[in-house]
Amino acid sequence: MESFPEEPLSLSAADGFGYFPADINQTLSGGRYTIVRKLGWGPRSSTWLVCEKDGGDLDTCYSAVQIFTAARSKEVESRLVPILQKMICYADPSTVPCLRSTFWESSIHGEHVCLVMKPHGLPFSDVLRDAKSRQAGLPVLIVQFTTSEIVNVLDLLHGKKVRVMHAGVKLENLVLGAETSAHALQTHISENPPSETQIVDGFPVVRSQPLANDPVDWTDPMRWVVGCWMLVLAGFGHAQGAPYTPESGFDYSSAPETLLENPTCGFATDIWMLGCLVFQLLTGRSLLTSTGTPSERLGKIRDILQDWIPSSWLGDATVQALPKEDPSTQSLEQQLKQNLTKDEVSAAYRFLRKCLVIDPAGRTSSRQLIRDEWVREGGQCSCGFK
């Protein structure tokens, strides 16, 4: 049997999946939308570029439709959709997913909830990948600008009006904007037609083609970065409102509180994840791994940060099984020195140690981070920067 190059379309909802087997030119929502391109897929959904004709003047309007697996659709409708609907009232639609509407579709696997949203562009990981071909990570000013954008989103989510934990502040969920006017998309599609559909095990298989009609480059001058880059913090699939409870099997960038035998999570978990992401953008590599036992991972964190375990955790089984301190482990500051100048290390280290604290209560809030000097420098980059 031939394997599927992307999402496993043959696995059912009973297997924990049940992807929607879509194809180019297929219509959705009773014929309202027509699929023109596959944008991507993930562990719970696939996303498609669709067009619809305006009944009045026949103008074409484009949207992205995220179609969730049959196994996850009811959960998404009850938990995620209300969060996205609440965000519409308060969020800047250029920095987070903008939900336009929802509908349901049927397939051989069952019922699928579909979210209609504004299309996004290329993953931000492409920018980091290109930079790593010439140096370790991104220029510090670009990382500061990116951090400022993310902190502003987190401040909105954590604020009194929304109160949502994002839970996915990772490189894989940071995407670039795209030029979404009808003319720009039609031109891009005509120059980059959708890939040809193949049939595998009786299912239509379409390769993903993210929109790449508004490219950026890590060597762009800061005046261009600030004025033209559109960064979107996507990946709300694990977001949740109160009460905040860690999802079993999900990696919160090894946030210490999620490694305990009695794990917890909250807004401070987002801040930890932000710190791990900023380190990755600065150095081009991950600070931590998701391998090993929870005790081994927590021990590694203790040694890297040279931080204390909270006394209230000492009775937890994960803490009681901690390995002995390893003096050969490179500290956070030592790792930064491999890639940054002395002055850059000092400033970046001060910021990271506000995020990367073992005790969640010791981490700086998103509201406080907005006022942090390192973050403010990123938000205030002027046209004079080269």
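Residues numbered from 1 in each chain as written. Predicted model: local features only at pLDDT ≥ 70, side-chain atom pairs only at ≥ 80, totals over all residues. Heavy atoms only, no water.

## Quick notes on the packing of aromatic side chains
Okay, step 1: Scanning the entire structure with this criterion turns up eight aromatic pairs.
Okay, step 2: Between the aromatic rings of phenylalanine 4 and phenylalanine 203, the centroid separation amounts to 6.2 Å while the plane-to-plane angle is 65°, which identifies the pairing as edge-to-face. Within this pair, whereas phenylalanine 4 is found in the segment before β1 (27–28), its partner phenylalanine 203 is found in strand β10 (residues 203–205), the two being separated by 199 residues in sequence. Phenylalanine 203 carries the same exposure label as phenylalanine 4, and that label is buried. (Phe/Tyr/Trp six-rings, centres within 6.5 Å; stacked < 30°, edge-to-face > 60°. Helix = DSSP H or I, 4+ residues; strand = E, 2+ residues; numbered from the N terminus. Buried < 20%, exposed > 50% of the residue type's maximum accessible area, 1.4 Å probe, protein only.)

## Thoughts on the packing of helix α6 (residues 267–283) against helix α10 (residues 342–355)
Okay, step 1: Running from N to C, α6 and α10 point in directions that differ by 150°, and their axes come no closer than 8 Å. As the angle between them shows, α6 and α10 are arranged roughly antiparallel. Here α6 contributes Ile271, Trp272, Leu274, Gly275, Val278, Phe279 and Leu282 to the contact with α10, which in turn contributes Ala348, Phe351, Leu352, Lys354 and Cys355.
Okay, step 2: In terms of residue class, the contact of α6 with α10 is built from ten nonpolar, one polar and one charged. (Axes fitted to C-alpha atoms, helices over the stretch in contact; angles between N-to-C directions. Parallel < 35°, antiparallel > 145°, perpendicular 65-115°, else oblique. Contact = heavy atoms within 4.5 Å. Nonpolar A, V, L, I, M, F, W, Y, C, P; charged D, E, K, R; others polar.)

## What about the side chain of serine 295?
Okay, step 1: Along the chain, the position of serine 295 falls in helix α7 (residues 294–305).
Okay, step 2: Here the side chain of serine 295 touches threonine 318 through a polar contact of 2.7 Å, landing on its backbone oxygen.
Okay, step 3: What serine 295 contacts, discounting residues up to four positions off in sequence, is Ala317, Thr318, Ala321, Leu322 and Pro323. (Polar contact = N/O pair within 3.5 Å; in protein donor to acceptor, adjacent residues only side chain to side chain.)

## What about helix α4 (residues 182–191)?
Okay, step 1: For α4, every residue scored as buried is listed here: Ala184, Leu185, His188 and Ile189. Taken down its axis, α4 places every buried residue within 125° of arc, on the same side. Exposed positions of α4 whose direction lies more than 90 degrees from the buried face are His183, Ser190 and Glu191.
Okay, step 2: Against the buried residues of α4 lie β2 (33–41), β3 (45–53) and β4 (60–68). (Arc of directions from axis to C-beta.)

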